Amino acid sequence: MKFSKRSLAVKPSATVKVSNQAKQMQADGIDVINLGIGEPDFPTPESIDQAAIAAINSGNASFYTPASGLPALKEAISQRIKEDFDVFYTPDNISVTNGAKMALYTLMQVLVDEGDEVLIPQPGWVSYEQQIILAGATPVMVTTNDEFKVTEESLNHAVNKNTRLLIINSPQNPTGTIYSKEELTAIGNWAIMHNIVIIADDIYSSLIYNGAKYTSLIQLDDNIAAQTILVSGLSKAYSMTGWRIGYIAGAPELISKVNAMLSHATGNPAAVSQYAAIEALTGNQSMVEHMRQAFEDRLNKIYPLLQNIPGFDLPVNPRAHSISFQMLKRPLD
Ligand SMILES: Cc1ncc(COP(=O)(O)O)c(C=O)c1O
């Protein structure tokens, strides 16, 4: 069998592999903690499950939906963004995707060609690099400072005439780094100056701990917001990783290209998941805070214990949503 160059170039997701292995070990009765993948361990809240069951029972979940999602779900996403960030995207400027992963994959297919370069702050989520390669473009790793943040200096070092996109993931997987408003403003202005589009992967924006302040690129001035494409989803905030609902919000000409691509790639995100997502976004939001608080409590419990392990050197302020990278970065002497 002959395989395409793309399929030969792509590497399987290392975090999915580790996670599957950990799940198998758990199924085998082995006591193991799975730090492989960003997956909340709570079951999806009951009200969301019930909305899905109602959609099945009514027959609504039986049929294709528009490729870019149900109008009612786009409306719910638009309202949620407005409520959480005080930024308004009309529902028509939103595409619903099979998780944020498909949102990012589709954006690469729509926005870059062979010879184009995409900037990824290091360390970053494993799929960015492979999705860029699958689109025929070149991933370029940007070095980060002691707080795992890119700066104008490191961006200047990485940019050239082929650079098209910069991915900013705040809070960042795997470090938990949160960029401040001032840092994002500097990055946004830098991107405008170099005519580079920013993809803001805000999937972890509801998992902010110990009073850390969160700002999204879309909340900055109009020019920076216009230079930014928002990607997010329901996996992390609502403990809905398996339901596969994510979204893109951006300019109309982008969304129409994304929708055309999705109409051939996925048909639509599973209808039953879309009905569940409407309930998640429009229903009582207290469970989001309930789960966030539980993660914060766990973080604050484990952090001092890890700090006491000889050879581990962790940042003083336990704001990270994921501490796995810091644990790996400074190996035992
Ligand atoms: C940084 C980041 N972006 C996007 C995703 C994709 O999430 P999903 O496809 O479940 O919405 C993940 C999942 O782990 C992630 O860590």
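Residues numbered from 1 in each chain as written. Predicted model: local features only at pLDDT ≥ 70, side-chain atom pairs only at ≥ 80, totals over all residues. Heavy atoms only, no water.

Inclusion rule: UniProt positions are given in the numbering used here, feature names are shortened, and annotations may be inferred rather than shown by experiment.
As recorded by an unreviewed UniProt entry, the protein carries the name Aminotransferase and is attributed to Lentilactobacillus kosonis. For the protein, the Sequence similarities (unreviewed entry) comment in UniProt is given as "Belongs to the class-I pyridoxal-phosphate-dependent aminotransferase family." Here the protein is described in UniProt, under the heading Cofactor (unreviewed entry), as follows: "pyridoxal 5'-phosphate".

Here we look at the environment of Gln-274
Test applied: Each helix is a run of DSSP H or I of at least 4 residues and each strand a run of E of at least 2, with the numbering of both proceeding from the N terminus. Here the term buried applies to any residue with accessible area under 20% of the maximum for its type, exposed to any over 50%, and partly exposed to those in between, with areas from a 1.4 Å probe on protein chains only. By the convention used here, residues are in contact when the closest approach between their heavy atoms is within 4.5 Å. Any pair of N or O atoms that falls within 3.5 Å is considered a polar contact. Within protein, one atom must be able to donate a hydrogen and the other to accept it, and sequence-neighbouring residues count only if both atoms are side-chain atoms.
Structurally, Gln-274 is set in helix H11 (residues 271–282). On the accessibility criterion, Gln-274 (0% relative accessible area) is buried. Residues Gln-274 and Leu-35, spaced 239 residues apart in sequence, show a C-alpha to C-alpha distance of 28 Å. Dropping the residues within four chain positions of it, Gln-274 is found in contact with Thr-65, Gly-69, Leu-70, Leu-73, Ile-245, Asn-268 and Pro-269. In this structure the side chain of Gln-274 is engaged in a polar contact, spanning 2.7 Å, whose partner is the backbone nitrogen of Leu-70.

Things to note about the sheet that holds strand E4 (residues 163–169)
Note on sheets: strands pair through backbone hydrogen bonds, and any given pair is parallel or antiparallel. Just so we agree on the cut-off: By the convention used here, strands pair only if DSSP detects at least 2 bridges between them. Note on method: axes are straight lines fitted to C-alpha atoms, helices fitted across the in-contact stretch only, with angles between N-to-C directions ranging 0 to 180 degrees.
The sheet built from seven strands is open, its strands ordered E1-E7-E6-E5-E4-E2-E3 with mixed pairing. With one partner strand each, in any of the chains shown, strand E1 (94–97) and strand E3 (138–142) form the two edges of the open sheet. On average, each strand axis in the sheet is tilted by 20° relative to the strand beside it, whichever way the strands run. For strand E6 (residues 228–233) and strand E7 (residues 246–249), the ladder comprises four bridges, and the chain directions are antiparallel. By the bridge assignment for E7, Gly-233 is matched with Gly-246. Contacts from helix H4 (residues 71–85) reach E1, E6 and E7 within the one sheet, and its direction differs from that of E1 by about 110°.

Structural notes on the site of the ligand
Stated precisely, the cut-off is as follows: A cutoff of 4 Å decides nearness: a residue is near a molecule or strand if any of its heavy atoms lies inside that distance of it. Computed by Shrake-Rupley with a 1.4 Å probe, the accessible areas treat only the displayed protein chains as cover when residues are assessed. Three classes are used, and their members are as follows: Ala, Val, Leu, Ile, Met, Phe, Trp, Tyr, Cys and Pro are nonpolar, Asp, Glu, Lys and Arg are charged, and the others, Gly among them, are polar.
The ligand sits among 14 residues. The nearest are Ala-100, Asp-201, Ser-235, Lys-236 and Arg-244. Side-chain polar atom of Lys-236 to an oxygen atom of the ligand: 2.7 Å apart, as the coordinates give it. In the complex, the protein chains occlude 95% of the 390 Å² of accessible area that the ligand would expose alone. A per-element tally of the shell around the ligand places helix H5 (residues 99–111) first, with four residues. Its residues assigned to classes, the shell around the ligand shows six nonpolar, four polar and four charged.

Side note on the domain arrangement of the protein
For clarity, the threshold we go by: Domain borders in the structure are assigned automatically or taken from a domain database. Throughout, the accessible surface (probe 1.4 Å) given up by two parts as they are put together, summed over both, is called the buried area. In what follows, salt bridge is the name for a side-chain nitrogen of Lys or Arg lying within 4 Å of a carboxyl oxygen of Asp or Glu.
Domain boundaries assigned for the protein yield domain 1 (1–37) and domain 2 (47–282). Every contact between the two is made by seven residues of domain 1 and, on the other side, five residues of domain 2. Summed over both sides, the interface between domain 1 and domain 2 buries roughly 550 Å², with carbon and sulfur atoms accounting for 63% of that surface. Viewed at the interface, domain 2 and domain 1 are joined by zero salt bridges. Summed over the shared surface of domain 1 and domain 2, the number is one residue pair in polar contact (both at pLDDT 80 or more). Among the elements of the structure, helix H1 (5–9) and helix H2 (14–27) are those that each provide at least two residues to the side of domain 1 that touches domain 2. A breakdown of the residues in the side of domain 1 that touches domain 2 according to their chemical character gives three nonpolar, two polar and two charged.

Some remarks on the packing of H4 against H11
Just so we agree on the cut-off: Each angle receives one of four descriptions, namely roughly parallel if under 35 degrees, roughly antiparallel if over 145, roughly perpendicular if within 65 to 115, and oblique otherwise. Left-handed describes a crossing whose near helix is turned anticlockwise from the far helix by less than a right angle; the clockwise case is right-handed.
Interhelical geometry of H4 versus H11 gives an angle of 25° and a closest axis separation of 9 Å. It follows from the interaxial angle that H4 and H11 lie roughly parallel. Seen along the crossing, H4 lies across H11 with a hand that is left-handed. Where H4 abuts H11, its residues Ala-72, Leu-73, Ala-76, Ile-77 and Arg-80 lie against Gln-274, Ala-277, Ile-278, Leu-281 and Thr-282. Its residues assigned to classes, the contact of H4 with H11 comprises seven nonpolar, two polar and one charged.

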